[in-house]
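Structural description and commentary
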Amino acid sequence: MTKKIEENFVISEKTGKKYFPTIGLEIHAELRTNSKMFCSCKNDPFNAEPNTHICEVCTAQPGTLPVVNKEAVKKVLKVSLAIGGEQADFSEFDRKNYFYPDIPKAYQISQYKYPLNSGGELVGVKINRIHLEEDTASSVHKGDVSLVDFNRAGVPLMELVTEPVIYNAETAMNFARELQLLLRTLGVSYANLEKGEMRIEANVSVSEEGNFEMLNGDFSKLGTKTEVKNLNSFKIVGAAIDYEIKRQIEALENGEEVVQETRGWDENKNKTFSQRKKENSDDYRYFPDPDIPKYKISEIGEFSAENLRAEMPELPWEKRERYGKDFGLNLDQIEFFLQNPKYDELFAGVVEKLSGEKAFKLASNYISSDIAGLEKNESGDFENFTPEKISDLIKMIEAGEISSRGAKEILAIIFKEGGEPKKIADEKGLIQKSDPEELKKILEQILADNPAQVEQYKNGEEKLLQFFIGQGMKATKGSANPGMLAKILKELLG
């Protein structure tokens, strides 16, 4: 612990004094299920007219009873399995009591004492717990009037809480990005921050020099923490954490008390601001929900680790290792495919039809650069690109039948018009000339027409070889194989 502290302390610009920041994250993610958490209403809060996906249960009408969404429980258990957490044997739902205009019941059904997951780790950050609850409704403020849309009320909401073992903004941002990738890979959540499908809150505290050296994992010795809520981009997560560390250090150096409170982020001023006093768990008066049965997870067969694992896809860290080992891709290429599933699916189909690291890398380059660029900048149909067409194109490049420029032109035609690579290459005259005798005659004429350059080359100006190759490409209208031109030229020039 001492080594970690020494690596992560912050030195005050004003006094030179050492401070040790500690960060814990609380991340909410709306789950991808057909229905809401405790009723059969459609889980579709963003694509419907306000207050259309509602019923007596999610609007808290008297006498209604909640029924647990089994698919939501399964999705949380999959996350637990992926991070190496401990799945609950016994679990229950609790009532978390607090009032806010967009909470229909004046309490939220959540989990307190018995979460679905305890422990686990992701990118080196230890997890405290993952529990399941229902989302609130959403408020829309128009002038002096506030409107409430209950379409979001009752949407399944997963909450993950890390241990306070993050010491800088960069680690916090990296963790949040990796969690988003994991949730999307598992099909658990769309996790779009801009839509509020994933919401990040950072708990930040600062320990003064003399205190942090005695921590040794004792979190009770940490400084007073503040919670910064609803950070809706990874960049803002980093900015809010850095600002809060600086603000707390300045407060301590000015002899001020750091107050335990909830703060928001002002994007215009790039600073946090006080919202309200931070509640403790006692303030919520948790108690088990009497309307929901308690669960023995181990008694539900489809929730067994074996069954869950059989339904899970390849995890991000597993794919990183495989793509590096089997295909020789670099980290940037691998991350591109991890973050772009449709391109990843195309790449996976292409490499099944190829062999050799050179071919794999060519496929990666053309998909991540040229095809992605066409989709971004041109009008066409991505569905025109199939594994068969792209693998045929790569084989033509490897065989020297087409040039890199020709390959780009073929891809553009496929994107806009469709068609087969070989046929397009024939019709557009893109097949490279590789007949040695034919190319030799063309190059002999070029050398005869440029005696001065030939003499300069023979006197040591070997860079003129590229001049002759260029002339050969020009004479063949770009259809010659540059490698073959270079080989023949070297023979002719001695």
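Below or above, wherever it landed, is the structure these notes cover. (Residues numbered from 1 in each chain as written. Predicted model: local features only at pLDDT ≥ 70, side-chain atom pairs only at ≥ 80, totals over all residues. Heavy atoms only, no water.)

Sheet faces and side chains relate simply in a regular strand, where the side chains alternate between the two faces. In terms of residue burial, strand 13 (residues 198-208) counts as a mostly covered element, since 10 of its 11 residues are buried. Here 11 bridges tie strand 2 (residues 18-30) to strand 13, and the two strands are oriented antiparallel to one another. When the bridges of strand 13 are listed, Ile-23 appears paired with Val-204. Pairing of strand 13 with strand 14 (residues 226-231), which is carried by 4 bridges, proceeds in the antiparallel orientation. Residue pairing in the sheet places Asn-203 in a bridge with Glu-227 of strand 14. (Buried < 20%, exposed > 50% of the residue type's maximum accessible area, 1.4 Å probe, protein only. Helix = DSSP H or I, 4+ residues; strand = E, 2+ residues; numbered from the N terminus. Pairing = 2+ DSSP bridges.)

Before going further, it helps to spend a moment on the sheet that holds strand 6 (residues 107-110). Across the sheet, 3 strands lie side by side as 6-5-17; this open sheet has antiparallel pairing. For this open sheet the edge positions go to strand 6 and strand 17 (287-288), each flanked by a neighbour on one side alone. Two strands pair when backbone bridges link them, and strand 5 (residues 94-97) and strand 6 are joined in this way by 4 bridges, in the antiparallel orientation. The residue of strand 6 that forms the bridge with Asp-94 is Ser-110.

This paragraph deals with the packing of helix 6 (residues 316-327) against helix 8 (residues 341-351). With their axes 14 Å apart at the nearest point, helix 6 and helix 8 run at an angle of 35 degrees to one another. Crossing angle aside, the handedness with which helix 6 passes helix 8 is left-handed. Contact residues: Lys-319, Tyr-323 and Phe-327 in helix 6; Asp-344, Phe-347, Ala-348 and Val-351 in helix 8. Along the lines of polarity and charge, the residues of the contact of helix 6 with helix 8 split into 5 nonpolar, no polar and 2 charged. (Axes fitted to C-alpha atoms, helices over the stretch in contact; angles between N-to-C directions. Left-handed = near helix turned anticlockwise from the far one by under 90°. Contact = heavy atoms within 4.5 Å. Nonpolar A, V, L, I, M, F, W, Y, C, P; charged D, E, K, R; others polar.)

As a further point, take a negative patch on the surface. Together, Asp-435, Glu-437, Glu-438 and Glu-444 line one region of the surface with negative charge. Note on placement: Glu-437 falls in helix 13 (residues 436-449). (Patch = residues over 30% accessible without salt bridge, like charges linked within 9 Å, V, L, I, M, F, W, Y side chains within 5 Å. Areas by Shrake-Rupley, 256 points an atom, 1.4 Å probe, with all protein chains shown as cover. Salt bridge = Lys/Arg side-chain N within 4 Å of Asp/Glu carboxyl O. Lys, Arg positive; Asp, Glu negative; His and termini not counted. Charge placed at Lys NZ, Arg CZ, Asp CG, Glu CD.)

Attention now moves to a nonpolar patch on the surface. Together, Val-140, Val-145 and Leu-147 give the surface a local cluster of nonpolar side chains, amounting to about 230 Å² of exposed area. Looking at the secondary structure, you find Val-140 in strand 10 (residues 138-142).

Right, let's get into helix 4 (residues 234-253). Each α-helix turn comprises 3.6 residues. Residues three or four places apart therefore point the same way. A rise of 1.5 Å per residue sets the reference length of helix 4, with its 20 residues, at 28 Å; its end C-alpha atoms lie 29 Å apart and thus fit the reference within 8%. Taken together, the buried positions of helix 4 are Phe-234, Ile-236, Val-237, Gly-238, Ala-240, Ile-241, Glu-244, Ile-245, Arg-247, Gln-248, Ile-249 and Ala-251. Where helix 4 ends, the next residue or the one after it, Gly-255, has phi of about 75 degrees, a positive value. (Expected span 1.5 Å × (residues − 1).)

A few words now on unusual backbone geometry. In this structure, Asn-230 is a non-glycine residue whose phi angle is positive, near 50 degrees. If you trace the backbone, Asn-230 turns up in strand 14. Look at Asn-270: it is not a glycine, yet its phi comes out positive at around 55 degrees. Looking at where Asn-270 falls in the secondary structure, it is placed in the loop between strand 15 (261-266) and strand 16 (271-277).

Tracing the sequence through the fold places Ser-364 in helix 9 (residues 357-377). By relative accessible area, which is 0% here, Ser-364 ends up buried. At 3.4 Å, the side chain of Ser-364 forms a polar contact with the side chain of Gln-333. With near-sequence residues (within four places) excluded, Ser-364 lies in contact with Leu-329, Gln-333, Phe-337, Phe-347 and Ser-369. (Polar contact = N/O pair within 3.5 Å; in protein donor to acceptor, adjacent residues only side chain to side chain.)

This paragraph deals with the environment of Glu-159. Along the chain, Glu-159 falls in strand 12 (residues 156-162). A relative accessible area of 7% places Glu-159 in the buried class. For Glu-159 and Met-396, which are 237 residues apart along the polypeptide, the C-alpha to C-alpha distance reads 50 Å. Dropping the residues within four chain positions of it, Glu-159 is found in contact with Glu-26, Ile-27, His-28, Arg-129, Ile-130, His-131 and Glu-133. A polar contact is formed between the side chain of Glu-159 and the side chain of His-28, at a distance of 3.1 Å.

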